[in-house]
Amino acid sequence: MEIIVFFCAVILTFSHCEAGRRLPAPTGLKYQWINHLTVKVSWSWSRPKNLPQNCTIEYNIYELNLQNMTRTKIMMCSVTYFEERFLTDRMSSSLEFSVQASNKHCIGWTESDPTKITVSTRKPHVELVKNFKCVLEATKMNCSWIPVNPTENLSFIYRHCGKAESNTKIMEFNQPDRRENWKVFTLKAKWRYQDICVVVQTEHSMQTFKPKFAIRTPQMEVKENGDYLTLTWASPDVGANCSWEYDVFYTICSKNDQLTAREHAQIPHDKCCEYEIRYSVKTDKYCPLVSGDDSKSQVYGAKRHCLDTATVVAIVIPVILFVCVMLSCYCFRRHRHIICPVMPDLSDFFKEMMNGNKEMKTPAVNLYKPVPERFDSEKIVLVPKACPPAKDPTSPVCP
C-alpha cells in the first residue's frame, strides 16, 4: 500500500512540474482601429524568471470562426502587437482573435493557453453598393456602381490600401449615368500599379472593398500569314510595365478551340472555313489584376465547299480500282478462249490406241490449233550477170 501511495505522489509531482513549465498566456489584450481598414491588437506578456535566456518567444495569431468552430492562423510575430487589414468580405460586425505564446529553442516548455479578444467594427458591415468597377485610362479612372438602396445617402472614401492616413481621399460625385440606377465618378488620378480600397458609409453602416479594375478592350487585327492567321492587339493605354495576357476563343468550321497569348497569336488558317473570334485581356500574376470585358465576336473569312487532298484521294482511288476491275473482267470474258483454252481429254485418245483401231477417230473435243501465221509471198526474179569489158576481141562473148 505504501508503495502505491509513493508512486501516486511521484506522478502528481511530475504532472505539477510539467504544468508549471507551460508558458504564461498573453494578458491585457486591446484593439484600436487605425483607419477604416486596419485594426491594431496589442497585449502584454510576462517572462518567467526560470525561462532560459536563449528561449525566443513568438506569438501565433489566429482568426476564429465561431459559426464553423474553426480557427485560421493569419500570422506569427515576435512583438506584442499586430496590425491587419480587414474588408467587408472577411467580417460582419465583429472579429474574433486568439493570441498564443510559443517558444523556440526551449526544451521542456510548451506553448501557452490561447487568449481571446473580440474586435468590434466602427459600424456594422453590410452591402451598400454592388458591381463597383473602375475603368482605367491614361490620366484618370472612371468608376461606376449600383447602389443597393438608391434612397440612401452614401459617402465614399478611396485610398491606396496602406496604413498612412495621408493616402485617404474623399469622393465627391453627383453624376448620373444613362443606365438606370447606375452612378459614376471620375477619379483624376493615374493608376500607379497599386490596389485601391474604397470605404462606403451611411450614418449607421459601412462597406469596405477593393474595386475591380478594368480597361477598354483593345482592338484586334487579323492578317493572313501563309497557313496561319496572325492576331495582334493594340497596346492598352495603361499598364506599360505590365504584361498582358489574351484569352482567345475561336470557332472554325463549327469546331471550338481556345488559346492564351501575349502580344500576338497564331491559329491555323483554313480558307474553306468561316472564323468567329472573341477574346478577353488581363494582366499577368506580377501586376494587380486588371481585366477587360469580353470582346464582341469578330467574323473572318467565309464558309465554302472545298475538297482537301485526303478527300480527293479517298474518292478517286476507289473509283480507279473499280474501273480497272471491271475492265479486267470484261477482257477476261471476251478472250477467255485464248487465256484459258479448252484442253482435250487424252483418255479417249489413248484408249483408241490400246484397242488397236487403225483409224483414229477425231476427238470429240476441239484440239488446240495454232493460229496460222500470215506471210507475204515473194516473187523471185533472175537478174542477168553483167559482163566485164572484153580485152581480146577474139575471146568468147559472155552469155
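Heads up: these notes are all about the structure in this document. (Residues numbered from 1 in each chain as written. Predicted model: local features only at pLDDT ≥ 70, side-chain atom pairs only at ≥ 80, totals over all residues. Heavy atoms only, no water.)

1. Overview of the packing of aromatic side chains
1) Next: For the coordinates displayed, the defined rule picks out eleven aromatic pairs.
2) Next: Where W233 meets Y279, the ring centres are 5.8 Å apart and the plane angle is 65°; that geometry is what we call edge-to-face. Of this pair, W233 sits in strand β18 (residues 228-233) while Y279 sits in strand β22 (residues 275-283), and the two are 46 residues apart along the sequence. For the pair shown, W233 and Y279 are each scored as buried.
3) Next: One aromatic cluster is present, built from ring pairs that chain together W43, W45, Y59, F82, F86 and F97.
4) Next: Its end group placed over the ring of Y81, K40 keeps NZ or CZ at 4.8 Å from the ring centre.
5) Next: Positioned above the aromatic ring of Y62, the side-chain terminus of R71 is 3.8 Å from the ring centre. (Phe/Tyr/Trp six-rings, centres within 6.5 Å; stacked < 30°, edge-to-face > 60°. Helix = DSSP H or I, 4+ residues; strand = E, 2+ residues; numbered from the N terminus. Buried < 20%, exposed > 50% of the residue type's maximum accessible area, 1.4 Å probe, protein only. Lys NZ or Arg CZ within 6 Å of the ring centre and 35° of its normal.)

2. Section: the sheet that holds strand β5 (residues 81-85)
1) Next: Ordered in space as β1-β2-β5, the three strands form an open sheet in which the pairing is antiparallel. Every interior strand has two partners, whereas the edge strands, β1 (27-33) and β5, have only one. Neighbour-to-neighbour, the strand axes of the sheet open up by a mean angle of 15°, direction not taken into account.
2) Next: Across five bridges, the pairing between β1 and strand β2 (residues 38-44) is antiparallel. Across the sheet, W33 pairs through a bridge with V39, a residue of β2. (Pairing = 2+ DSSP bridges. Axes fitted to C-alpha atoms, helices over the stretch in contact; angles between N-to-C directions.)

3. So, a nonpolar patch on the surface
1) Next: Taken together, the side chains of V312, I315, V316, V319, I320, F322, V323, M326 and L327 present a nonpolar region at the surface, about 800 Å² in accessible area.
2) Next: By secondary structure assignment, the location of I315 is in helix α2 (residues 309-334). (Patch = residues over 30% accessible without salt bridge, like charges linked within 9 Å, V, L, I, M, F, W, Y side chains within 5 Å. Areas by Shrake-Rupley, 256 points an atom, 1.4 Å probe, with all protein chains shown as cover. Salt bridge = Lys/Arg side-chain N within 4 Å of Asp/Glu carboxyl O.)

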